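If you want the building blocks of each chain, they are given just below.
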Amino acid sequence: MDTSEVQNIYTKKASYYQFLMVDFLGFGMAIEKFFREFNYVGPHFKILDAGCGTGNATRALYTIASEKGYEDVTFHAFDLTQAMLDLFQQWIKKVGANNIILKRSNVLDLEQLPSDWNGYDAVVSTAMLEHLPKDSVRPALRGLKQLLKHNGRLLVVITRRNIINKFIGWRWKNNTYDKNELQKIFLDGGFSEFKIRNFFWNFMFIIEAKNN
Ligand SMILES: C[S@@+](CC[C@H](N)C(=O)[O-])C[C@H]1O[C@@H](n2cnc3c(N)ncnc32)[C@H](O)[C@@H]1O
């Protein structure tokens, strides 16, 4: 997909996306439930949210870390669309989080990130990679892998192929994937150990991959 087209959509629909997808349809709750079950945050963790949007994944991880008393966790997050980052920044201000740093950046241009944005325990990317042209997903995965520390975990949520998602994808400018395709993409992206699960009423896949 064309980056300026994607940016235009999320600039116009930033609040609508947060209201509809994250809050009303419960994508935010689903992500938080997953993170609680699979212990994505620990003391002293350094976590990157790639394509953070309004902060869905990082908000959940921050909430869990705060509940557990892990105050020394570092959160970095980037997104292509300033309007999405602005909403995320408002939330950061509201909760007084001083350990979340945001940057505007493209996942296909990771060298633009600050030089200390690497060595992550976990990199999460929820509902973002489907907006890339299909042949750009492998390089994006390779780039994100390089930001992980040894044995760090990459978590990807990506839209599954079905009739409904094809229609939604046409409106929101995203691709859809099936399991076999994802298996190949993750192998080509440099991951040898990963697990693909159904997620969010089978409308999405959640993939956990290890950097070993
Ligand atoms: C469906 S939203 C998901 C946002 C958030 N991760 C979530 O779970 O709610 C997709 C986001 O991906 C961002 N995005 C699309 N292409 C991108 C790229 N090449 N690099 C970084 N972010 C991108 C969009 O700006 C948008 O905020």
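See the structure printed just above.
Since the model is a prediction, treat every value here as computed from it, not as a measurement.

1. Some words on the overall build of the protein chain
Turning to step 1, where the next piece is worked out: When its secondary structure is counted, the protein chain shows eight helices and seven strands.
Turning to step 2, where the next piece is worked out: Against the globule reference of 17 Å for 212 residues, the protein chain gives a C-alpha radius of gyration of 16 Å, in line with a compact fold.
Turning to step 3, where the next piece is worked out: A principal-axis box enclosing the C-alpha atoms of the protein chain has dimensions of 45 × 40 × 35 Å.
Turning to step 4, where the next piece is worked out: Buried positions account for 41% of the 212 residues belonging to the protein chain.
Turning to step 5, where the next piece is worked out: Of all intrachain contacts in the protein chain linking residues separated by at least 6 positions in sequence, the fraction that spans at least 24 positions is 72%.

2. Comments concerning the environment of S125
Turning to step 1, where the next piece is worked out: By the secondary structure assignment, S125 is in strand β4 (residues 120-126).
Turning to step 2, where the next piece is worked out: Distance in space between the C-alpha atoms of S125 and L144 is 9.5 Å, their sequence separation being 19 residues.
Turning to step 3, where the next piece is worked out: Those residues in contact with S125 that lie beyond four places of it in its chain are A50, G51, L144 and V156.

3. Details of the sheet that holds strand β1 (residues 46-50)
Turning to step 1, where the next piece is worked out: Across the sheet, seven strands lie side by side as β3-β2-β1-β4-β5-β7-β6; this open sheet has mixed pairing. Bordering the open sheet on either side are β3 (100-104) and β6 (193-199), each of which pairs with just one other strand. The sheet shows a mean angle of 15 degrees between the axes of neighbouring strands, taken without regard to direction.
Turning to step 2, where the next piece is worked out: Both β6 and strand β7 (residues 204-210) contribute to a ladder of seven bridges, which runs antiparallel. Bridge assignment links E193 to a residue of β7, and that residue is K210.

4. Comments concerning the site of the ligand
Turning to step 1, where the next piece is worked out: Neighbouring residues of the ligand: 21 residues in total, closest G53, N56, L80, T81 and T126.
Turning to step 2, where the next piece is worked out: Counting only elements with at least two residues in the shell around the ligand, the list comes to α1 (3-12) and α4 (56-68).
Turning to step 3, where the next piece is worked out: With three residues, the top contributor of residues to the shell around the ligand is α1.
Turning to step 4, where the next piece is worked out: Classifying every residue of the shell around the ligand gives twelve nonpolar, eight polar and one charged.

5. A few points about the pairing of β1
Turning to step 1, where the next piece is worked out: Among the five residues in β1, five count as buried, and that is most of the element.
Turning to step 2, where the next piece is worked out: The two faces of β1 match: K46, L48 and A50 on one face and I47 and D49 on the other face are all buried.
Turning to step 3, where the next piece is worked out: As judged from the five bridges shared by β1 and strand β2 (residues 74-79), these two strands associate in the parallel manner. Looking across to β2, one finds that A50 is bridged to F78.
Turning to step 4, where the next piece is worked out: Crossover connection from β1 via α4 to parallel β2: handedness right-handed.
Turning to step 5, where the next piece is worked out: Sheet topology places β1 next to β4; three bridges connect them, and they run parallel. Note on β4: the bridge partner recorded for D49 is V124.

6. Quick notes on unusual backbone geometry
Turning to step 1, where the next piece is worked out: Not every positive phi belongs to a glycine, and N39 is a case in point at roughly 45 degrees.
Turning to step 2, where the next piece is worked out: As for its placement among the helices and strands, N39 is situated in the loop between α3 (27-37) and β1.
Turning to step 3, where the next piece is worked out: Judged by the 9 C-beta atoms lying within 10 Å of it, N39 is exposed.
Turning to step 4, where the next piece is worked out: The phi torsion at H44 lies on the positive side, around 65 degrees, for a residue other than glycine.
Turning to step 5, where the next piece is worked out: Note on placement: H44 falls in the loop between α3 and β1.
Turning to step 6, where the next piece is worked out: Residue class for H44 comes out exposed when judged on the 9 C-beta atoms lying within 10 Å of it.

The rules behind each value
- Residues numbered from 1 in each chain as written.
- Predicted model: local features only at pLDDT ≥ 70, side-chain atom pairs only at ≥ 80, totals over all residues.
- Helix = DSSP H or I, 4+ residues; strand = E, 2+ residues; numbered from the N terminus.
- Rg over C-alpha atoms; globule rule 2.2 N^0.38 Å.
- Buried ≥ 20, exposed ≤ 12 C-beta atoms within 10 Å, placed from the backbone.
- Contact = placed C-beta atoms within 7 Å.
- Pairing = 2+ DSSP bridges.
- Axes fitted to C-alpha atoms, helices over the stretch in contact; angles between N-to-C directions.
- Near = placed C-beta within 6 Å.
- Nonpolar A, V, L, I, M, F, W, Y, C, P; charged D, E, K, R; others polar.
- Right-handed = clockwise from strand over helix to strand, strands pointing away.

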